[in-house]
Amino acid sequence: MPYRRLYICVEGPDDELFFDRVVKPQLEGVYDDISFFRHAEKSTKKCRSFLNSVRKTVGADVIWVCDNDRVPCVTVRKEKVKERLQVKFDLSILVVVTEIESWFLAGIGEQSSRDLRTDELPNTDRVTKDAFLDMRPPRIKTNREFMLAILDHFSVETAKVKNRSFRYLCQNYLCN
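All of these numbers come straight from a predicted model, not from anything done at the bench.

A.B. asks: Is there a simple way to explain the overall build of the protein chain in this structure?
C.D. replies: Across its full length, the protein chain holds 9 helices and 4 strands. Taken from the N to the C terminus, the helices and strands of the protein chain come in the order β-α-β-α-β-α-β-α-α-α-α-α-α. A compact globule built from 176 residues should have a C-alpha radius of gyration of about 16 Å, and the protein chain, at 17 Å, falls within 12% of that. With the principal axes as the frame, the protein chain shows a C-alpha extent of 50 × 40 × 30 Å. Burial status across the protein chain gives 48% buried among its 176 residues.

Okay, structure coming up:
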C-alpha cells in the first residue's frame with residue numbers, strides 16, 4: 001500500500017487543536033502521516049510556495065481550512081481563497097461556518113453542558129468567537145482551558161446535528 005500523507009492547513013492554534021483532537025484520530029487509518037500548517041501567520045507567497053511543494057509530493061493530500069469570515073456564502077469564500085493563493089490545481093477548501101469556535105460548541109450535549117456549566121446550543125452555525133467567549137464559565141480562566149474542557153466532552157455525533165459545516169466535514173472527509 002502506498003505511503004499517504006495529509007497536510008491540514010489551518011488558520012491558527014485553536015483550529016490546530018480542534019483538528020488534532022477531533023479530526024486527526026478519524027483519519028489516522030487512511031493516512032500514514034498527518035501534519036498541520038498554520039496559514040494565517042504566513043504570507044501569501046509562503047502559503048503558495050508550501051502548496052506548490054506539497055502538490056509535487058507523491059501520495060500527499062491537502063485540505064485548506066478557513067473561517068467563513070462574514071462572506072455571504074461558502075462558494076464566495078472558496079473563490080476568495082483561490083483568488084488569493086493563485087494555485088494552478090484543484091485545492092480542497094473546507095470552510096468553517098462561522099468560526100472554529102462554533103465547531104467546539106457543537107460537540108457538547110445536554111449532560112456535557114451541565115458538567116461544564118455552560119449553555120447548550122441547539123444550533124451553532126452562527127456562533128462567533130465573541131459568543132464563544134461569552135459562554136466561558138467564570139471558573140475556567142482561559143479560552144484554551146475552555147476549549148480543552150470541551151474537547152474532553154466532545155461528541156462527533158452531537159456536533160453533526162448542531163453544525164452544518166461540521167456535518168459537511170464528516171460527510172466529505174471523515175470515515176464515519
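A.B. asks: Sorry if this is basic, but what is going on with the sheet that holds strand β4 (residues 92–96) here?
C.D. replies: Strand-to-strand pairing in sheets goes through backbone hydrogen bonds, with the strands running parallel or antiparallel. Spatially, β2-β1-β3-β4 is the arrangement adopted by the 4 strands of the open sheet, whose pairing is parallel. Whereas interior strands pair on both sides, the edge strands pair on one side only; in this sheet they are β2 (33–38) and β4. Across this sheet, the average inter-strand angle for adjacent strands is 25 degrees, counted without regard to direction. Strand direction decides the pairing type here: strand β1 (residues 5–10) and strand β3 (residues 60–67), joined by 5 bridges, are parallel. If you follow I8 over to β3, its bridge partner there is I63. Across the face of the sheet, helix α1 (residues 13–27) comes into contact with β1, β2, β3 and β4 while running at roughly 165 degrees to β2.

A.B. asks: Where do I start with the pairing of β4 in this structure?
C.D. replies: Along β4, 4 of the 5 residues are buried, which leaves the element largely enclosed by surrounding structure. In the sheet, β3 pairs with β4 via 5 bridges, with the strands oriented parallel. Bridge assignment links C66 to a residue of β4, and that residue is V95. Assessed by its sense of winding, the connection that carries the chain from β3 through helix α3 (residues 74–85) to β4 is right-handed.

A.B. asks: Sorry if this is basic, but what is going on with empty space enclosed by the protein here?
C.D. replies: The method is simple in principle: a probe with the dimensions of a water molecule rolls over the atoms, and the space it marks as empty is what remains. Under the definition given, this model contains 1 cavity of 30 Å³ or more. When its volume is computed, the largest cavity comes out at roughly 40 Å³. Looking at the largest cavity, the residues that line it are L51, V54, R55, A60, D61, V62 and F89. Elements that contribute at least two residues to the lining of the largest cavity include exactly α2 (44–55) and β3. The residue makeup of the lining of the largest cavity, split by class, is 5 nonpolar, no polar and 2 charged.

A.B. asks: Explain the environment of C47 here, please?
C.D. replies: Positionally, C47 belongs in helix α2. Spatially, the C-alpha atoms of C47 and R84 are 9.9 Å apart, while their sequence positions differ by 37 residues. The contact partners of C47, leaving out residues within four places of it in the chain, are F37, H39, K42, W64, R84 and L85.

Conventions used here
- Residues numbered from 1 in each chain as written.
- Predicted model: local features only at pLDDT ≥ 70, side-chain atom pairs only at ≥ 80, totals over all residues.
- Heavy atoms only, no water.
- Helix = DSSP H or I, 4+ residues; strand = E, 2+ residues; numbered from the N terminus.
- Rg over C-alpha atoms; globule rule 2.2 N^0.38 Å.
- Buried < 20%, exposed > 50% of the residue type's maximum accessible area, 1.4 Å probe, protein only.
- Pairing = 2+ DSSP bridges.
- Axes fitted to C-alpha atoms, helices over the stretch in contact; angles between N-to-C directions.
- Contact = heavy atoms within 4.5 Å.
- Right-handed = clockwise from strand over helix to strand, strands pointing away.
- 1 Å grid on protein atoms, 1.4 Å probe; cavity = no way out; pocket = protein on both sides within 12 Å on 5 of 7 lines; lining within 4 Å.
- Points joined across faces, edges and corners; volume = space filled by probe spheres on them.
- Nonpolar A, V, L, I, M, F, W, Y, C, P; charged D, E, K, R; others polar.

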